[in-house]
Amino acid sequence: MLENLAAKSDGKISVEYINPDNDPVVVKELDPNGVADLTKGMYAVSCNGKVRLFDPYNDCFVFDPSIRERYGVDYPLSNIAESTVMSTIVSVTSNSGFKVYYVTGLQEASHLYLDKIFASMNIETAELSVAEPFVVPNDCSLLIINNPAVDISENVQEGLRAYIRNNVRPVN
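The text that follows walks through the structure, step by step, so that each part is easy to find. As a convention, each chain's residues are numbered from 1 in the sequence order in which they are written. It should be noted that, the model being predicted, local features are given only for residues of pLDDT at least 70 and side-chain atom pairs only at 80 or more, the latter also being counted only at that level, while totals for whole chains, interfaces and linings use all residues. Heavy atoms from the whole structure form the basis of all side-chain values; hydrogens and water molecules are not counted.

1. So, helix α4 (residues 81-93)
Counted at 1.5 Å a residue, the expected span for α4 with its 13 residues is 18 Å, and the 18 Å between its end C-alpha atoms agrees. Looking only at α4, the buried set comprises A81, T84, V85, T88, I89, S91 and V92. Around the axis of α4, the buried residues are gathered within 160 degrees of arc, so they sit on the same side. Away from the buried face of α4 by more than 90 degrees, exposed residues E82 and T93 are located. In what follows, residue pairs with any heavy atoms lying within 4.5 Å of each other are defined as contacts. Secondary structure elements follow DSSP: runs of H or I of four or more residues count as helices, runs of E of two or more count as strands, with numbering from the N terminus. Lining the buried residues of α4 we find α1 (2-7), β1 (43-47), β2 (50-54) and β4 (76-79). What a helix is expected to span follows from its residue count: subtract one and scale by 1.5 Å. Only protein chains enter the calculation, and the probe is 1.4 Å; a residue is then buried if its accessible area is under 20% of its type maximum, exposed if over 50%, and partly exposed in between. The arc in question is traced by the directions running from the helix axis to the C-beta atoms.

This is how it looks when you write it as structure tokens:
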């Protein structure tokens, strides 16, 4: 199926099979932050820095849960491979229009799990350092200050005030 899709895409889609154990450099290129958890047996779809994974077994078939529970084996009820592949391609080639920024430099908690959640929703994330001057970018849809362990400096407070003053709109 993947080869047919690539052949009919006029060069817009290519298919490569990579063993992450044998080629960790490619894995690091696809997922530099380690968010996607690329492991052997998973399929990765990548476009312009966005990576989405699917499991060719569990994500491409619907199994009868009663047979799995009773006999401990998987009995497929339907094949959803084509819709899984196509929705994964759409998720990496389209833009949700949302961008989340994490304020960093405050000895804050990790945002790895949040990254995974936002990635699954096709939402772009980036880090925003508290370095001076602190300015929240205009494309910020959501700003997260994740459990800071130090006080927020006056510089950052003023940057936050300016952002709220200029960008936050009341709900009608």
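2. Here we look at the nonpolar core
Joining through side-chain atoms within 4.5 Å is the link that ties buried Ala, Val, Leu, Ile, Met, Phe, Trp, Tyr and Cys residues into a set, and such a set is a nonpolar core. If you look at the biggest cluster of nonpolar residues, it comprises 12 residues: Y101, V103, L106, A126, L128, V130, F134, V136, C140, V156, L160 and Y163. For this core, the secondary structure elements donating two or more residues are β5 (99-104), β6 (124-129) and α6 (154-167). If one sorts the elements of this core by residue count, α6 sits on top with three residues.

3. As for the packing of aromatic side chains
Aromatic pairing here means that ring centres of Phe, Tyr or Trp (its six-membered ring) are within 6.5 Å. Orientation follows from the plane angle: under 30 degrees is stacked, over 60 is edge-to-face, and everything else is tilted. For the structure shown, the criterion picks out four aromatic pairs. Ring plane angle 75 degrees and centroid distance 6.4 Å describe the contact between Y17 and Y43, whose orientation is recorded as edge-to-face. One end of the pair, Y17, is in the loop between α1 and α2 (24-30); the other, Y43, is in strand β1, with 26 residues separating them in the sequence. Judged by its relative accessible area of 53%, Y17 is exposed. Geometrically, the ring pair formed by F61 and F63 is tilted, given 6.2 Å between the ring centres and 40 degrees between the ring planes. A relative accessible area of 13% means that F63 is categorised as buried. The rings of Y17, Y43 and F54 are connected pair by pair, giving a single aromatic cluster.

4. Here we look at the pattern of salt bridges
Salt bridges are defined as contacts in which a side-chain nitrogen from Lys or Arg sits within 4 Å of a carboxyl oxygen from Asp or Glu. All told, the structure shown has six salt bridges when counted by the stated rule. Note that D74 is salt-bridged to R68, the shortest N-O span being 2.4 Å. D74 gets classed as partly exposed once you look at its relative accessible area, which sits at 28%. Its salt-bridge partner being E158, residue R161 comes within 3.4 Å of it at the nearest N-O pair. Taken together, the positions of R161 and E158, both in helix α6 and three residues apart, correspond to about one turn of that helix.

No statement about biological role is implied by the geometric values presented.
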